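# Overview (structure and organization)
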Amino acid sequence: MANAKAFSNNVTSAEGWFDQYDSRETFANFDMDACFNAFDKDGDGHLNLSEFTTVCRALFRNDKGKIYPMEPKKVKDIFEVFDKNHDNLIDREEFTFCWNNWIKKRIQCDY
């Protein structure tokens, strides 16, 4: 797992995983597999909706770590965009698409 950190607002260490990257330069070295593994809490090689919700909570926070509220339906809608085979799980291949087309772009906007 990535660097363990203490977070306020009930943020878990997985939710704060992105915080270890404090600039574009360090983000360029972002490890997609490490990220996937940090959020794949049950280690089954897939992200279920609950694990994906944790990804969203990690991504959608302000600079003080406060989580922006997201309606469960919105999270489910985003999840379904990346669940290409509609098995209610995001596998590594689907996560690669999610990583390249959403997560990296979202993180880069913050810097």
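Within any chain, residue numbers begin from 1 and follow the written order of that chain's sequence. Where totals are concerned, whole chains, interfaces and linings use all residues; where local detail is concerned, this predicted model gives features only for residues with pLDDT of at least 70, and gives and counts side-chain atom pairs only at 80 or more. Hydrogens and water are ignored here; the side-chain numbers use all heavy atoms of the structure.

## A short note on the UniProt feature "domain: EF-hand" (unreviewed entry) in the protein chain
UniProt positions are given in the numbering used here, feature names are shortened, and annotations may be inferred rather than shown by experiment. UniProt annotation of "domain: EF-hand" (unreviewed entry) refers to residues 27–62 and 70–105 when read in the numbering used here. As annotated, residues 70–105 has a helix share of 69% and a strand share of 6%, and its two end C-alpha atoms lie 19 Å apart. The helix count covers DSSP runs of H or I at least four residues long, the strand count covers runs of E at least two residues long, and both are numbered beginning at the N terminus.

## Concerning helix 4 (residues 72–82)
Accessibility here uses a 1.4 Å probe with only protein chains present; expressed as a share of the type maximum, an area under 20% marks a residue as buried, one over 50% as exposed, and anything in between as partly exposed. Within the sequence span of helix 4, burial applies to Val75, Ile78, Phe79 and Phe82. On an axial view of helix 4, the arc spanned by its buried residues comes to 105°, and they lie on one face. The arc in question is the one spanned by the directions pointing from the helix axis to the C-beta atoms.

## Notes on the packing of helix 3 (residues 49–59) against helix 4
Angles shown run from 0 to 180 degrees and are taken between the N-to-C directions of axes, each axis being a line fitted to C-alpha atoms and, for helices, limited to the stretch in contact. Close contact between helix 3 and helix 4 brings their axes to 10 Å; oriented N to C, the two are set at 105°. Of the possible angle classes, the one that applies to helix 3 and helix 4 is roughly perpendicular. Of helix 4, the residues touching helix 3 (which contributes Leu49, Phe52, Thr53 and Cys56) are Val75, Lys76, Ile78, Phe79 and Phe82. Here the residues of the contact of helix 3 with helix 4 sort into seven nonpolar, one polar and one charged. Angular relationships are summarised with four words: roughly parallel below 35 degrees, roughly antiparallel beyond 145, roughly perpendicular across 65 to 115, and oblique for the angles in between. Contact between two residues is taken to exist if any of their heavy atoms lie within 4.5 Å; hydrogens are not considered. Gly counts as polar in this scheme, as do all residues outside two lists: the nonpolar Ala, Val, Leu, Ile, Met, Phe, Trp, Tyr, Cys and Pro, and the charged Asp, Glu, Lys and Arg.

## A word on the pattern of salt bridges
Here a salt bridge means any side-chain nitrogen of Lys or Arg lying within 4 Å of a carboxyl oxygen belonging to Asp or Glu. A full pass over the atoms with the stated rule returns three salt bridges. Between Lys76 and Glu80 there is a salt bridge, with its nearest N and O atoms 3.3 Å apart. Residue Lys76 and its partner Glu80 are both found in helix 4; the two are separated by four residues, about one turn of the helix. The partly exposed category is assigned to Lys76, whose relative accessible area is 28%. Judged by its relative accessible area of 39%, Glu80 is partly exposed.

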